[in-house]
Amino acid sequence: MTAADARAVAERTARASYGRLVAILAAPTRDLALAEDALADAFEQALTTWPSRGVPDNPEGWILTVARNRQRDVFKSAAHRTSAPLEEGDGVIDIDAAFPDLDALPDKRLELLFVCAHPAIDVSIRTPLMLQTVLGLEAAQIARAFAVPAPAMAQRLVRAKRRIRDAGIPFTVPSRDQMADRLPVVLEAIYGAFAIDWDSTSDSSLTGEALYLAVTLAALLGTEPEAFGLAALIALSSSRAPAREVDGAFVPLDAQDPARWDAALIAEGEAYLRRAHELASAAPTAGRRFQLEAAIQSAHVARFFGAETDWVAIRALTAALVEVSPTLGARVSLAAVTARLDGAAAGLAALEGIPETFDPARRLRVVLEEEEMSGMDADAHRIVSPTSD
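In this text the structure is predicted, and so the values were computed from the model without any measurement.

Calculation rules
- Position labels on residues start from 1 in each chain and follow its written sequence.
- Reporting of local features is limited, given that this is a predicted model, to residues whose pLDDT is at least 70; pairs of side-chain atoms are given and counted only at 80 or more, and all residues count toward the totals for whole chains, interfaces and linings.
- As a convention, hydrogens and water are excluded, and side-chain values are obtained from all of the structure's heavy atoms.
- In this text, helices come from DSSP runs of H or I with a minimum length of four residues, and strands from runs of E with a minimum of two, each type numbered from the N-terminal end.
- To sort residues, take the accessible area from a 1.4 Å probe on protein chains only and compare it with the maximum for the residue type: under 20% means buried, over 50% means exposed, and anything in between is partly exposed.
- Whether two residues are in contact is decided by their heavy atoms, any of which lying within 4.5 Å being enough.
- With residues, only the protein chains shown are counted as cover, and all accessible areas are computed by Shrake-Rupley using a 1.4 Å probe.
- Nonpolar core, defined: a set of buried Ala, Val, Leu, Ile, Met, Phe, Trp, Tyr and Cys residues in which side-chain atoms within 4.5 Å join the residues together.
- We define a salt bridge as a side-chain nitrogen of Lys or Arg found within 4 Å of a carboxyl oxygen belonging to Asp or Glu.
- Each Phe, Tyr or Trp ring (for Trp, its six-membered ring) is paired with any other whose centre lies within 6.5 Å, and the angle between the two planes then decides the class: stacked below 30 degrees, edge-to-face above 60, tilted in between.

Visitor: Before we go on, may I ask you to explain the overall build of the chain in this structure?
Guide: The helix and strand tally for the chain stands at 17 helices and two strands. In the chain, which comprises 389 residues, the proportion classed as buried is 50%. Long-range pairs, those at least 24 residues apart, make up 70% of the contacts in the chain between residues at least 6 apart in sequence. Only carbon and sulfur atoms are counted for the fraction: they give 52% of the accessible area of the chain, which is about 17,700 Å².

The following block contains the structure:
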């Protein structure tokens, strides 16, 4: 096997399993930085070992074993430095006993998401922390999404990880009475990963991970309409990915061939949206942001079934979205729909009416004028960071 082959396998393993492995390694120690360092060492060892010895049958398991050994070495070294006796259970965490079988492990990423949303973690860094530790985004990618300098974001992430370790925050899904404060941030992080990856194709690992986590979270909680709304939003949006690009060129929504949309994802998303609506009817005071976004996507999917797009309904849904979540993205979307129904001048006027605090919207003006406010993808609002307020 060549070094290039080994690197390709290592990269695939990292894309598919990074967040899961970090969560597994950090759960017994509560030390995210150590887990990431151990994992980095394991991948480095893989790149030097696999070319000569071959890729193991279970690359993920191999990486986890090497990383756990690295953690064990660190704890033993720390015990030696303090002259503490290495008696069983005294000063050394038995990582192997905590997680004896990789295939039998639960998915610890959801626990890690809620750890990152703990009240002890500053609210401004919770979503970035989740995006990095659970979903594997680099600090530079996150910094671009939040429009902050990369070094500053990296420093804030380091401080947040240190806070988790020093405060001894437990790796558990919180009780119901604690859930309300943490759930919105967890949902935002999953959505943020999907939105950052929006331009990728349907087989993108990050988009798939976001959908998996949203569905798993919805099933785990069972009665949270916004969790099902987020699962519906990601599934319905992702269903159009196969038609969004042809021969390397972006295809606007109006020009897409609905026959190329993913029927299975459409059916899945519609089922999640129905469940969200049922739960929301029983809890009318619950948040509605992701349910409204999913409903907008459902309206666009009508073309798959041979129906015309109901732009009046989409404007009403988008206006409601602006009311409950007045982000830059929602406001730009409303301007685009207004142009669709009332003409380009009305759409541009709506865009100009966005408050000055939303300066990034000005960057879209040229795009909207060139497109004459038509032919834009329904998700044009994702041109701007989904986390912008």
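What follows continues from the structure just given.
Visitor: Help me out: how do you make sense of the nonpolar core in this one?
Guide: One broad rule of soluble globular proteins: the nonpolar side chains tend to lie buried together. Judged by nonpolar contacts, the single largest core of 79 residues is most densely connected at Leu 112, Ile 190, Leu 217 and Leu 230. Among the elements that line this core, the one with the most residues is helix α9 (residues 176-196), at 10 residues. In this structure, Trp 311, Ile 314, Ala 320 and Ala 330 belong to the second largest nonpolar core, which totals 10 residues.

Visitor: What is the right way to read the pattern of salt bridges from this model?
Guide: Opposite charge on two side chains permits pairing when their charged atoms draw close. Evaluation of the coordinates by the stated rule reveals eight salt bridges. Here Lys 161 and Glu 36 are joined by a salt bridge, their closest N and O atoms 2.6 Å apart. Of the two residues, Lys 161 is situated in helix α8 (residues 150-167) and Glu 36 in helix α2 (residues 32-53); the sequence distance between them amounts to 125 residues. Taken individually, Lys 161 and Glu 36 each receive the classification buried, so the pair is uniform in this respect. In this structure, Arg 289 and Glu 188 form a salt bridge, with 2.5 Å as the shortest nitrogen-oxygen distance. Of this pair, Arg 289 sits in helix α13 (residues 289-301) while Glu 188 is found in helix α9, placing the two residues 101 residues apart along the sequence. An identical accessibility class is assigned to Arg 289 and Glu 188; each is buried. One connected set of salt bridges, linked through shared partners, spans Glu 188, Arg 289 and Glu 293.

Visitor: Just to check I follow, could you spell out the side chain of Glu 36 for this structure?
Guide: Judged by its relative accessible area of 12%, Glu 36 falls in the buried class. Contact partners of Glu 36, with chain neighbours within four places excluded, come to Tyr 18, Val 22, Gln 132, Thr 133 and Lys 161.

Visitor: It is not clear to me how the packing of aromatic side chains should be interpreted in this structure. Could you clarify?
Guide: Any aromatic ring pair is given by two values, namely how distant the centres are and how the planes are angled relative to each other. For the structure shown, the criterion picks out three aromatic pairs. With 5.3 Å between their ring centres and 65 degrees between their planes, Trp 50 and Trp 62 make a pair best called edge-to-face. Residue Trp 50 is found in helix α2, and its partner Trp 62 is found in helix α3 (residues 59-81); the two are separated by 12 residues along the sequence. Judged by relative accessible area, Trp 50 falls into the buried class, the value being 0%. Seen in terms of ring centroids, Tyr 191 and Phe 290 are 5.3 Å apart; in terms of plane orientation they differ by 55 degrees. Their pairing is tilted. Of this pair, Tyr 191 sits in helix α9 while Phe 290 sits in helix α13; the two residues are 99 residues apart in sequence, bridging distant segments of the chain.

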